[in-house]
Amino acid sequence: MPSTLLTDIAEAKITAAAGSGAQVAITHIALGDGNGANYGPSFSQTALRRERARKPIDKRHIVGSNAWRVKAEFGPETAAFHVREMGFFDADGDLIAIWAGNDVQARQTGAITYLVDHVLSFKRVGEGLIIVNAPDDALFDLSVATARSLANLQLEQLRQAEALRRLTGSY
């Protein structure tokens, strides 16, 4: 079964950042073809076996005290290959987490939009060391919808006030 591992680099960086005010910001997702074969990931990996595409994370949100969900879209212009591995990289370009497995059902990129919707778990590091600094997408979407509704309501009130002024002739 495919699994997601937090790398040794990730454990070291997160532990070093704990209590120091420093952050380990996971910013990018990379896809690879595993050099043409499935494999079991290892904690000591520093790169994908063969990275084929990388892009910034589009959305992230909290799903638990030590987990968050990341989303990204690799558009149809992405080169065509079979995805057998995914890497999650920080702002320094270090591999923080890797997803791979001996029984991965490889899926093809290219000519379609390849969606990544993945939950990253940080169970490997000590409890309390992870502070997930990710927006809550659902809350953000609700905030935007509420603001839009209030703006529309205010606009309608202004239109009605203008209509009343015209009818009563009080300018």
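For the structure, see preceding data.
Keep in mind it's a predicted model, so treat the numbers as computed, not measured. (Residues numbered from 1 in each chain as written. Predicted model: local features only at pLDDT ≥ 70, side-chain atom pairs only at ≥ 80, totals over all residues. Heavy atoms only, no water.)

*Asks:* Please clarify how the overall build of the chain should be interpreted in this entry.
*Replies:* Of the regular secondary structure elements, the chain holds 2 helices and 10 strands. Its helices and strands taken in sequence order, the chain reads β-α-β-β-β-β-β-β-β-β-β-α from the N to the C terminus. In the chain, which comprises 171 residues, the share counted as buried stands at 34%. (Helix = DSSP H or I, 4+ residues; strand = E, 2+ residues; numbered from the N terminus. Buried < 20%, exposed > 50% of the residue type's maximum accessible area, 1.4 Å probe, protein only.)

*Asks:* Got a minute to help me understand the pattern of salt bridges in this structure?
*Replies:* When their charged atoms lie close together, side chains carrying opposite charge are able to pair. One pass over the structure, following the stated rule, counts 11 salt bridges. A salt bridge links Asp117 to Arg69; its shortest N-O distance comes to 3.3 Å. In this pair, Asp117 sits in strand β10 (residues 114–121) while Arg69 sits in strand β5 (residues 67–74), placing the two residues 48 residues apart along the sequence. On the accessibility criterion, Asp117 (45% relative accessible area) is partly exposed. Of the residues examined, Arg69 reaches a relative accessible area of 26% and is grouped as partly exposed. The network of salt bridges with common partners includes Lys13, Asp90, Asp92 and Asp94. (Salt bridge = Lys/Arg side-chain N within 4 Å of Asp/Glu carboxyl O.)

*Asks:* Looking at this model, I keep getting lost on the packing of aromatic side chains. Mind explaining?
*Replies:* Any aromatic ring pair is given by two values, namely how distant the centres are and how the planes are angled relative to each other. For the structure shown, the criterion picks out 0 aromatic pairs. Looking at Arg49, its charged tip hangs above the ring of Tyr39, at a distance of 3.8 Å from the centre. Over the ring of Phe89 we find Arg54, and its NZ or CZ is 3.8 Å from the ring centre. (Phe/Tyr/Trp six-rings, centres within 6.5 Å; stacked < 30°, edge-to-face > 60°. Lys NZ or Arg CZ within 6 Å of the ring centre and 35° of its normal.)

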